[in-house]
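A look at the structure
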Amino acid sequence: MAGATTADADLHHGDHDDHHHELPWWKKWVFSTDHKVIGYQYGITALIFLFIGFYLMMVMRWSIAHPDKELPGILQAFLNKSWLNEEGQVTGDLYNMFGAMHGTIMVFLGIVPLAFGAFGNFVTPLQIGAPDMAFPRLNMASYWAYFAGGLIMLASFFLPSGAAEAGWTMYSPFATTAQVDEPNLWFTGQTFWLFGMVMLITSSLLGAVNFITTIINLRCRGMTWMRLPFFVWAMLVTGFLLLLAFPPLEVAALMQLMDRMTGASFFIPTGLNFTGAGTADAGVMAVSGGGSPLLYQHLFWFLAHPEVYVLILPAIAIVGEIIPNNIRKPIWGYKSMVYAVMVLGFLSFIVWAHHMYLTGMGNVVSTFFQATTVIISIPSVILLTCLFISLWGGSIRFTVPMLWALAFLPMFGFGGLTGLPLAFNLIDLHLHDTYYVIGHFHYIVAPGTIFGLFAGIYYWFPKATGRMMGNKLGHLHFWPSLVAMNGIFLPMFIQGMAGFHRRWYDGGANFDEITSRVLFHEGSLWANLFNKGETITMLHLNEVMTFFVWVLAIAQAPFIFNFFWSLFKGRPAEDDNPWRATTLEWAAPNRPGHGNFLEEPVVYRGPYEYSVPGHEDDFTPQFERGSDGVILGEEEPPDAADKGGH
């Protein structure tokens, strides 16, 4: 292909630069156009935001479990004390603020940038044999737009109004009218949230265009479509999801911004009565009216359901790379997984309104979305089934990345299964806005996606740094995290089915008819196990979940220490392919330089050739030429060749 010549030229030009034109530090590591450095930037920034989002959750969980107790000093240390009441307890306003920003930070500033921005940027060009992304400067602009959006979001905490407080979904008209009693609407958390979201979506769009172009045009010789690693397929589908789903929310944010700042009424209905405290113009809002709050929900969820797959597909892709490497056999049903991930991407665009059953849609429309929601579970089941069947008969190596990958499978499966009841209108009427929904979603993205991302960090760490992360610290990180994740989210299903509402900042202390329901009677085995010996009610589950939140927080200490210790003092990787893997990124030297590869990479076979009969080793890399290796379209007749990628 034409791209191969360009790649070769760039490669030699990169060697020349490395020897004769060393870039200044700020251009090499800060305003870099190298996809690997940008991947590092995304990764470190996203991990910081994940820990910030986790801190917000710890404050919320304390309020839910102990609404009558003062917030512990370690949690107060990072707070504006005026946000608490006189007794040092969390208020409803603070809970709403942290709830909105926890969801926003975790999804848009943490998981998506880590999954797509960090892993996608670092791994994708290496796996397809490209010297860099197709548009390096666009790649740099994508990161800095993300960074600017993150700073705007964080800056909102320091405004007199505090950060946004209308939920991470920002439904109008509530979000449009929130904080309008502030003297300057431009400097409110709600407004900053909208500006920040525009920057974050712009970043995602730039990245999506770059990924799609890179994967289609910059594959090396021999890298045909069905020789692509599954990770690359998932990145390609994720890129299309970002490209097609994010613009509606960007438009919605701009429209809501105009509603707030200019008196427009895209989402404000006629005759909306507003009685905000401290406002001189309380009463019917002085806007033209005619707007539709439901329009905002449609625009938001048209993004937000594909967004779920933007979160989960990179994690499935990482697991799909780690499992065949650690079972020493090819992944079962590779083509089925490729087709499933494409079908999953398509179907994700026609299920959004199952989030909107409570808006009163008609039976015909709700039946359509019930059907598509059930159907979309089929490709997800295909992906999980292929990964589970792959384990059968494998010579499993229980490395630290493999532990995270194996734990991902049941956690994601449980999250998916608990989502099926929510597909049905009748059941959703009862479970909507309860802790059941929180438990379902978090099983997908917490012990699901985040476990996959941790697996990827441990797996590709030697390629990025030339050093191995410590195994003992890895185990010390994994096992408490696995137990704690289930301790936090499993009880939510019990509470949710009892009607526990997701926005009770006091944990439902004033809703006796629900929270006083008995789980275990006085003197029973489980009551004694909890060292109470008294009746255990729904309310006590709040304390159990909050305890496991602290366990989960402590469990991250070994990871943080392991990460930074290994970065500088870790055991050096024995060679460029320490895991004995088959995909193309392991042909590049550890800590790849500009251009990635020392010589032009060529691919001769599929991505998962493990334990092939007749071979001396139990792995045959894509880049190793042997008697069975061919470059499609060169050694084969032209009419038998796959035309892609050469």
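The structure under discussion appears in the preceding block.
This write-up is about the structure you can find in this document. (Residues numbered from 1 in each chain as written. Predicted model: local features only at pLDDT ≥ 70, side-chain atom pairs only at ≥ 80, totals over all residues. Heavy atoms only, no water.)

Let's shift gears to the packing of helix α3 (residues 35-65) against helix α20 (residues 538-569). Contact geometry of α3 with α20 gives a least axis separation of 9 Å together with a crossing angle of 155°. When the axis of α3 is compared with that of α20, the two are roughly antiparallel. You can see that α3 and α20 cross each other, and the crossing is left-handed. Residues Ile44, Phe51, Phe54, Met57, Met58, Arg61, Trp62, Ile64 and Ala65 of α3 lie in contact with α20, whose contacting residues are Asn542, Glu543, Met545, Thr546, Val549, Trp550, Leu552, Ala553, Gln556, Ile560 and Phe563. (Axes fitted to C-alpha atoms, helices over the stretch in contact; angles between N-to-C directions. Helix = DSSP H or I, 4+ residues; strand = E, 2+ residues; numbered from the N terminus. Parallel < 35°, antiparallel > 145°, perpendicular 65-115°, else oblique. Left-handed = near helix turned anticlockwise from the far one by under 90°. Contact = heavy atoms within 4.5 Å.)

Our next topic: the packing of aromatic side chains. Under the counting rule described, the total for this entry stands at 56 aromatic pairs. Taking the centre distance of 4.7 Å and the plane angle of 75° together, the rings of Phe478 and Trp479 count as edge-to-face. Put simply, the rings of Trp404, Phe451, Phe454, Tyr458, Phe461, Phe478, Trp479, Phe559, Phe563 and Phe564 pair up and form one aromatic cluster. Sitting over the ring of Trp225, Arg219 keeps its end group 4.1 Å from the ring centre. (Phe/Tyr/Trp six-rings, centres within 6.5 Å; stacked < 30°, edge-to-face > 60°. Lys NZ or Arg CZ within 6 Å of the ring centre and 35° of its normal.)

Side chains that carry opposite charge are capable of pairing whenever their charged atoms lie near each other. Within the structure shown, the criterion is met by 7 salt bridges. With a closest N to O distance of 2.9 Å, Asp34 and Lys36 form a salt bridge. Summarising the burial analysis for this pair, Asp34 and Lys36 share the class buried. The residue Asp618 makes a salt bridge to Arg328 at a minimum N-O spacing of 3.0 Å. Of this pair, Asp618 sits in the segment after β6 (571-572) while Arg328 sits in the loop between α10 (293-327) and α11 (334-347), and the two are 290 residues apart along the sequence. The exposure class assigned to Asp618 is partly exposed, which follows from its relative accessible area of 33%. Because the salt bridges share partners, they merge into one network encompassing Asp433, Arg502 and Arg503. (Salt bridge = Lys/Arg side-chain N within 4 Å of Asp/Glu carboxyl O. Buried < 20%, exposed > 50% of the residue type's maximum accessible area, 1.4 Å probe, protein only.)

Structurally, the position occupied by Glu22 is in the loop between α1 (2-20) and α2 (25-30). Of the residues examined, Glu22 reaches a relative accessible area of 53% and is grouped as exposed. Put simply, Glu22 and Cys220 are 198 residues apart on the chain and 27 Å apart in space, counted from C-alpha to C-alpha.

Turning our eyes to something else, we now look at helix α9 (residues 230-262). For an α-helix the count is 3.6 residues per turn, leaving residues at separations of three or four pointing the same way. Taking 1.5 Å as the rise per residue, α9 with 33 residues should run 48 Å; its terminal C-alpha atoms sit 48 Å apart, in good agreement. Of all 33 residues in α9, 25 are buried; the element is thus mostly enclosed. With its phi angle positive at about 80°, Gly263 sits one or two positions after the end of α9. (Expected span 1.5 Å × (residues − 1).)

Inspection of the secondary structure assignment puts Asp181 in the loop between α7 (174-177) and α8 (189-217). Using a relative accessible area of 42% as the deciding quantity, one classes Asp181 as partly exposed. The spatial distance from the C-alpha of Asp181 to the C-alpha of Ser161 is 9.4 Å, given a sequence separation of 20 residues.

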